[in-house]
Amino acid sequence: MDYLKAFVVGGIICVIGQILMDKTKLTPAHVLVLFVTSGVILTAIGIYEPIVNFGGAGATVPLPGFGYSLGKGVIEAVKEEGLLGAFTGGIKATAGGVAAATFFGYIMAVIFDPKTK
Amino acid sequence: MKNINQKDYEKYVNSKAPKPTLLKNCIWAFIVGGLICVFGQFITNFVMDYGLDKKEAATATPITLIFLSALLTGLGLYDKIGKKAGAGSIVPITGFANAIVAPAMEFKREGFVLGVAAKMFIVAGPVLVYGIGSSVIVGIIYLLLKA
């Protein structure tokens, strides 16, 4: 059942991105920025958490889920450490993903060459 | 044709450009994006079976997806999926990794510092700037509301 929920929720989030790309002049980069920021804000106002509870990976794997981790991490850190937490919480919560993206991204880019089309 | 203004020209171009079929694109985005999330759910369930708690699984899952996507991008396979999937392959975290590897490979001839390392963040940079930036703002607002 959690697979079906992940499929539907993740699919819907991607369709929203597709509509934005087709119907507006937003580039993929703009859509990603918009989605991350929306994820942070929706988490802050308490809307994204229920979507994560329902959709699981369907809500956490798309980019708004990255924003969710940032937003959730910062709020938890502020509760514990106050102002310092506002600066450490977001990156702490997403450190694994950011480090993996930097590390694996670099390695793969060095090993492989672009395929000629 | 000489006196055509920019607005008319834009209209003319738009009328001639092939219309992307929105519905078809959306179906592809839904299926591919959904499947990537199902795979993410599978990884989450898998590592939790191996004793990781919820928080650890929430870190292990993106790391795994990012690794696989970076590898598939290097092999030239991810972009093949992306051609049809559109946002379905861009919006998941795998698209974030793809957006790191693809330009980094492309600009390798400009060197390992200003080529690979700098161009990695052509898309990822803005995502981090706005993501982390907004999280700091949210943290400060939360702090002020709590006080």
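No experiment lies behind these values; they were computed from the predicted model shown.

The rules behind the values
- Residues numbered from 1 in each chain as written.
- Chains lettered and ligands numbered in written order.
- Predicted model: local features only at pLDDT ≥ 70, side-chain atom pairs only at ≥ 80, totals over all residues.
- Helix = DSSP H or I, 4+ residues; strand = E, 2+ residues; numbered from the N terminus.
- Rg over C-alpha atoms; globule rule 2.2 N^0.38 Å.
- Buried ≥ 20, exposed ≤ 12 C-beta atoms within 10 Å, placed from the backbone.
- Contact = placed C-beta atoms within 7 Å.
- Nonpolar A, V, L, I, M, F, W, Y, C, P; charged D, E, K, R; others polar.
- Expected span 1.5 Å × (residues − 1).
- Axes fitted to C-alpha atoms, helices over the stretch in contact; angles between N-to-C directions.
- Parallel < 35°, antiparallel > 145°, perpendicular 65-115°, else oblique.
- Left-handed = near helix turned anticlockwise from the far one by under 90°.
- Core = buried A, V, L, I, M, F, W, Y, C linked by C-beta atoms within 7 Å.

*Asks:* I tried to follow the overall build of chain B on my own but got confused; where do I start?
*Replies:* Counting its regular elements, chain B contains eight helices and zero strands. Secondary structure of chain B in N-to-C order comes out as α-α-α-α-α-α-α-α. Whereas a compact globule of 147 residues would reach a radius of gyration of roughly 15 Å, chain B reaches 21 Å, over 25% beyond that. Reported as C-alpha extents along the three principal axes, the dimensions of chain B are approximately 70 × 45 × 40 Å. Taken over 147 residues, chain B has a buried fraction of 41%. Considering only residue pairs separated by 6 or more positions, chain B has 57% of its internal contacts joining residues 24 or more positions apart.

*Asks:* What exactly am I supposed to notice about the overall build of chain A here?
*Replies:* Helix and strand counts for chain A come out as six helices and zero strands. When the helices and strands of chain A are listed from N to C terminus, the series reads α-α-α-α-α-α. Counting only C-alpha atoms, chain A reaches 50 × 35 × 35 Å along its principal axes. Within the span of chain A, comprising 117 residues, buried residues form 54% of the whole. For chain A, the proportion of contacts with a sequence separation of at least 24, taken over those separated by at least 6, is 59%.

*Asks:* Looking at this model, I keep getting lost on the interface of chain B and chain A. Mind explaining?
*Replies:* Buried accessible area, meaning the area lost when the parts come together, often serves as the stated size of an interface. The partner chain A presents 64 residues to the 63 residues of chain B that form the contact. Partitioning the side of chain B that touches chain A into residue classes produces 44 nonpolar, 17 polar and two charged.

*Asks:* I would appreciate a short explanation of helix α2 (residues 28-44) of chain A in the present structure.
*Replies:* An α-helix turns once per 3.6 residues; consequently, residues spaced three or four apart project the same way. Along its 17 residues, α2 of chain A runs 24 Å from first to last C-alpha, staying within 8% of the 24 Å computed at 1.5 Å per residue. Taken residue by residue, α2 of chain A has P28, V31, L32, V33, F35, V36, T37, G39, V40, T43 and A44 of chain A as its buried positions. Where α2 of chain A is buried, its residues touch α1 (2-23), α3 (48-55) and α5 (63-81) of chain A together with α5 (87-90), α6 (93-106) and α8 (121-146) of chain B. A positive phi of about 85 degrees marks G46 of chain A, the residue just after α2 of chain A.

*Asks:* Which parts of the structure should I look at to understand the environment of I43 of chain B?
*Replies:* Structurally, the position occupied by I43 of chain B is in helix α2 (residues 22-49). Each residue touching I43 of chain B, except ones within four places of it in the same chain, is listed here: T61 and T64 of chain B.

*Asks:* Looking at this model, I keep getting lost on the packing of helix α6 (residues 83-111) of chain A against α8 of chain B. Mind explaining?
*Replies:* What describes two packed helices is the angle between their axes and the distance between those same axes. Between α6 of chain A and α8 of chain B, the shortest axis-to-axis distance is 8 Å and the interhelical angle comes to 150 degrees. Here α8 of chain B runs roughly antiparallel to α6 of chain A, going by the angle between their axes. Along this stretch, α6 of chain A crosses α8 of chain B, giving a crossing that reads as right-handed. Taken together, the residues of α8 of chain B that come into contact with α6 of chain A (itself represented by L83, G85, A86, F87, G89, G90, I91 and A101 of chain A) are A124, I132, S135, V136, G139, I140 and L143 of chain B. When grouped by side-chain class, the residues that make up the contact of α6 of chain A with α8 of chain B number ten nonpolar, five polar and no charged.

*Asks:* Can you walk me through the nonpolar core in this structure?
*Replies:* Here is a general trend for soluble globular proteins: nonpolar side chains tend to be buried in one another's company. In terms of nonpolar packing, the biggest core is built from 70 residues, with L32 of chain A together with A29, F96, I100, V101 and A124 of chain B touching the most fellow members. In this view, I100 of chain B contacts A101 and G105 of chain A together with M120 and A124 of chain B; residues no more than four positions away in its chain are not counted.

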